[in-house]
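Residues per chain are reported as follows:
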Amino acid sequence: MSKQQRILWVSISILLLTIPVWFDVVMLPGDLVYVWRWTDSQIIYESLITVMFLVAAIVAYGLLRKAVGEFAQWKILRIGVAIWIAMIAILVLFSLAMYYAGNQSTLADYDGEGYNVVAMGSGIAEDTEEGQAASGQIFVVMSCDYRGLYKRVIHIDRFVGADDVSMHRDGEYLLASYTLHGRELREQNYDLEALYQQCLTGESPRPFE
């Protein structure tokens, strides 16, 4: 193997091994997020991305072995690479566990001109009974400024203790009714135009905690 080819394989290996470090930094422009964030498809795409990290690391190990496997230092180097791959594997398993444990699903949504408001339930048990408090929480977010794979998102509200929410528009406002076992706990109105302007600028007074 020529020196130039060896350098190429090593460079590609390093690039693949470090994907978890630079992926979001390189792929996400500014304060935008992926278009699948805060949708029912998020768990699928995020799971595929984390699995991709592990597959890329395994491929990198093979390329690195091909490039420097004949050197005496490879025995020590492969231990370090194996430890790094094991750490990525733990990250993947932890991420998958968190995605599925979150039990996140869309409870209600409203599509406006250039934006979407969605209420996502997280950790809400499907078999809650009358008299049993809901242990999950409901996040309400607005998405706007769609740019292919990306969009801008602002946090509108978070409510703990409800198991469902319904939304409908009333003039310039979006009314959200939070309920537990069909009993209304709170009704909240959101100024859609003001929120839309905040979403476009990314300057929301309601940051995620």
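Criteria and cut-off values
Position numbers for residues start from 1 in each chain and track the written sequence from start to end. Local features in this predicted model are restricted to residues whose pLDDT is 70 or higher, and side-chain atom pairs enter the listing and the counts only when it is 80 or higher, whereas totals over whole chains, interfaces and linings include all residues. Excluding hydrogens and water, the side-chain figures rest on all heavy atoms present in the structure. Between any two strands, pairing holds if DSSP finds at least two bridges. In DSSP terms, a helix is any run of H or I states spanning at least four residues, a strand is any run of E spanning at least two, and both are numbered starting from the N terminus. Here an angle of 0 to 180 degrees is reported between the N-to-C directions of two axes, which are lines fitted to C-alpha atoms, with helices fitted over the stretch in contact. Patch criteria: residues need more than 30% relative accessible area and no salt bridge. Like-charged residues are merged within 9 Å; nonpolar side chains of Val, Leu, Ile, Met, Phe, Trp and Tyr are merged within 5 Å. For the accessible areas, the method is Shrake-Rupley and the probe is 1.4 Å, while residue cover comes only from the protein chains on display. The working definition used for a salt bridge is a side-chain nitrogen of Lys or Arg within 4 Å of a carboxyl oxygen of Asp or Glu. Each Phe, Tyr or Trp ring (for Trp, its six-membered ring) is paired with any other whose centre lies within 6.5 Å, and the angle between the two planes then decides the class: stacked below 30 degrees, edge-to-face above 60, tilted in between. Partly exposed describes any residue whose relative accessible area lies between the buried limit of under 20% and the exposed limit of over 50%, with all areas from a 1.4 Å probe on protein chains only and scaled to the type maximum.

### Remarks on the sheet that holds strand S6 (residues 164–170)
Overall, antiparallel pairing links the three strands, which are arranged S6-S7-S8 in an open sheet. Either end of the sheet is taken by a strand with one partner, and the two such strands are S6 and strand S8 (183–191). On average, adjacent strands in this sheet sit at an angle of 20 degrees to one another, irrespective of strand direction. As paired strands, S6 and strand S7 (residues 173–180) are joined by seven bridges and run antiparallel to one another. Residue pairing across strands places Asp-164 opposite Thr-179, the latter belonging to S7.

### Considering the sheet that holds strand S3 (residues 115–122)
Strand order in the open sheet made by the five strands is S1-S5-S4-S3-S2, with antiparallel pairing throughout. The open sheet has two edge strands, strand S1 (33–34) and strand S2 (105–112), and neither has a second partner. Sheet topology places S1 next to strand S5 (residues 150–160); two bridges connect them, and they run antiparallel. Within S5, the residue paired with Val-33 across the bridge is Lys-151.

### Focus: a nonpolar patch on the surface
Among the surface-exposed residues, Val-21, Ile-79, Ile-83, Trp-84 and Met-87 lie close enough to one another that they form a single nonpolar patch of about 490 Å² accessible area. Counting residues per element, the nonpolar patch draws most heavily on helix H4 (residues 74–101), which supplies four residues. Its place among the elements puts Ile-79 in helix H4.

### A word on the packing of aromatic side chains
In this structure the tally under the stated criterion is eight aromatic pairs. Relative to Trp-36, the ring of Tyr-34 lies with its centre 4.7 Å away and its plane at 10 degrees, an arrangement referred to as stacked. Residue Tyr-34 shares its accessibility class with Trp-36, and that shared class is buried. An aromatic cluster of three or more residues is present, and its members are Tyr-34, Trp-36, Tyr-45 and Tyr-150.

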